[in-house]
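Structural features, examined
Residue strings, one per chain:
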Amino acid sequence: MELIQQDPELSAYLAADEVIDHEHPVVRETAAALRALHSDVCAYARAAYAFVRDEIPHSSDTGDLRVTWRASDVLARRTGICHAKAHALAALLRAESIPTALCYQKFEVLHGLVAIRLPGTESWHRQDPRGGESGREAEFSLAGERLAFLPDPEFSEVDYPVLYAAPHAGVLSAMRSAPDSPELLRILPTDL
C-alpha cells in the first residue's frame, strides 16, 4: 500500500499541538531518558516504540476506565487505547525531530497507528504501538510491516493510506467527550 501524506510539508509531521504536546516536560523528560540510552536515531525510534508498546498498557487489556488522549497524559498516567498510545509515540518521536504521522485501520472501530520517516529517508514505515495479543505481536520494523492486526476486506476492514499530521477530528472528539474507556469504545467512529 502506498502511504499518502495529507499535508505535503514534512514539517507538519514534526509539529506540537494540544494532543501531540512534545514540548511538555513529561514528554521531554521521557524522550531525554530514552535518548541517553540510544544515541542513534533508529535505535531511539525503536526504543520509544518499545517503551510505549510495553510500558503503557492498553486500557482495555487492564480494565482501566480512565480516558487519556493528550500525549503527556498518556505518558504520565501510563494508560490509553491505541489512539492514545499512538499520540504518545508520535510525541516522543517528534520530540527528537523524527517526522511522525497518525494513520488508521478500520475494524469494528477505527484502530490508531503511527508512521515514521527517519531523517534522510524517503519512506514512511507504519508501526503499531498498541502491541498485540499472544501470537499477534506487533514489532518495530523498517523492513516490512509487523502490525498486530491486518484488515480483512471480506469483513469490510480497511487499511487507510492517508498519513495525518494531527488526530482525525472524529476520533479526537470521541476521546475528549468520553467519561470512561467503555463509553469511548462505544462512541469511537467506525469509519473515516
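Of the regular secondary structure elements, the protein holds seven helices and six strands. Its helices and strands taken in sequence order, the protein reads β-α-α-α-α-α-β-β-β-β-β-α-α from the N to the C terminus. The C-alpha radius of gyration of the protein comes to 15 Å, within 12% of the 16 Å expected for a compact globule of 192 residues. Dimensions of the protein, computed from the C-alpha atoms along their principal axes, are close to 40 × 35 × 35 Å. Considering the protein as a whole, with its 192 residues, one finds that 50% of them fall into the buried category. Of the contacts formed within the protein by residues at least 6 apart in sequence, a portion of 61% connects residues at least 24 apart. A total of about 8700 Å² of accessible surface is found on the protein, and carbon and sulfur atoms cover 50% of it. Charge-centre separation for the protein: the mean point of 18 positive side chains lies 3 Å from the mean point of 29 negative side chains.

Right, let's get into the environment of Leu 147. Mapped onto the secondary structure, Leu 147 falls in the loop between strand 4 (125–127) and strand 5 (158–159). Accessibility expressed as a relative area gives 9% for Leu 147, which makes it buried. Remark: the alpha-carbon pair of Leu 147 and Ser 97, spanning 50 residues in sequence, is separated by 24 Å. Each residue touching Leu 147, except ones within four places of it in the same chain, is listed here: Gln 105, Leu 113, Arg 126, Gln 127, Asp 128, Glu 137 and Ala 138.

Next up on the list: unusual backbone geometry. Note: most residues except glycine have negative phi, and most peptide bonds are trans. With phi around 65 degrees, Ser 97 is a residue other than glycine that occupies positive phi space. Positionally, Ser 97 belongs in the loop between helix 5 (82–94) and strand 2 (100–106). In the Ramachandran plot, Ser 156 falls in the positive-phi region, its phi being about 60 degrees despite a non-glycine side chain. Mapping Ser 156 onto the fold places it in the loop between strand 4 and strand 5. The exposure class assigned to Ser 156 is partly exposed, which follows from its relative accessible area of 47%.

Spacing of three or four residues puts side chains on the same side of an α-helix, whose turn is 3.6 residues. For helix 2 (residues 41–55), which comprises 15 residues, the first-to-last C-alpha distance of 20 Å matches the rise-based estimate of 21 Å (1.5 Å per residue) to within 8%. Residues of helix 2 that are buried in the fold lie against helix 1 (25–37), helix 4 (71–77), helix 5, strand 3 (110–116) and strand 4.

Tracing the backbone through its elements, the reader meets Ile 187 in helix 7 (residues 181–187). When its relative accessible area of 29% is taken as the criterion, Ile 187 is described as partly exposed. Sequence separation between Ile 187 and Ala 71 is 116 residues; the distance between their C-alpha atoms is 21 Å. Look past the residues within four positions of Ile 187 in its chain and what remains in contact with it is Ala 174, Ser 177 and Ala 178.

Take the state of the cysteines next. In this structure the tally under the stated criterion is zero disulfides. Between Cys 42, a free cysteine, and Cys 103, which holds the nearest cysteine sulfur, the sulfur-to-sulfur gap is 18 Å. Distance from the sulfur of Cys 103, which forms no disulfide, to the nearest cysteine sulfur (Cys 82) is 11 Å.

Here we take up the pattern of salt bridges. All chains considered together, the criterion is met by 13 salt bridges. Of the charged contacts in the structure, one is a salt bridge between Arg 70 and Glu 18, with a shortest N-O distance of 3.3 Å. Note that Arg 70 is positioned in the loop between helix 3 (59–62) and helix 4 and Glu 18 in the loop between strand 1 (4–5) and helix 1, a separation of 52 residues in sequence. Measuring nitrogen to oxygen at the nearest pair gives 3.4 Å for the salt bridge that ties Arg 53 to Glu 139. One end of the pair, Arg 53, is in helix 2; the other, Glu 139, is in the loop between strand 4 and strand 5, and 86 residues separate them in sequence. For Arg 53, a relative accessible area of 17% corresponds to the buried category. By relative accessible area, Glu 139 is classed as partly exposed at 30%.

How each quantity is defined
Residues numbered from 1 in each chain as written. Predicted model: local features only at pLDDT ≥ 70, side-chain atom pairs only at ≥ 80, totals over all residues. Heavy atoms only, no water. Helix = DSSP H or I, 4+ residues; strand = E, 2+ residues; numbered from the N terminus. Rg over C-alpha atoms; globule rule 2.2 N^0.38 Å. Buried < 20%, exposed > 50% of the residue type's maximum accessible area, 1.4 Å probe, protein only. Contact = heavy atoms within 4.5 Å. Areas by Shrake-Rupley, 256 points an atom, 1.4 Å probe, with all protein chains shown as cover. Lys, Arg positive; Asp, Glu negative; His and termini not counted. Charge placed at Lys NZ, Arg CZ, Asp CG, Glu CD. Expected span 1.5 Å × (residues − 1). Disulfide = S-S within 2.5 Å. Salt bridge = Lys/Arg side-chain N within 4 Å of Asp/Glu carboxyl O.

Function cannot be inferred from these measures alone, as they are strictly geometric.
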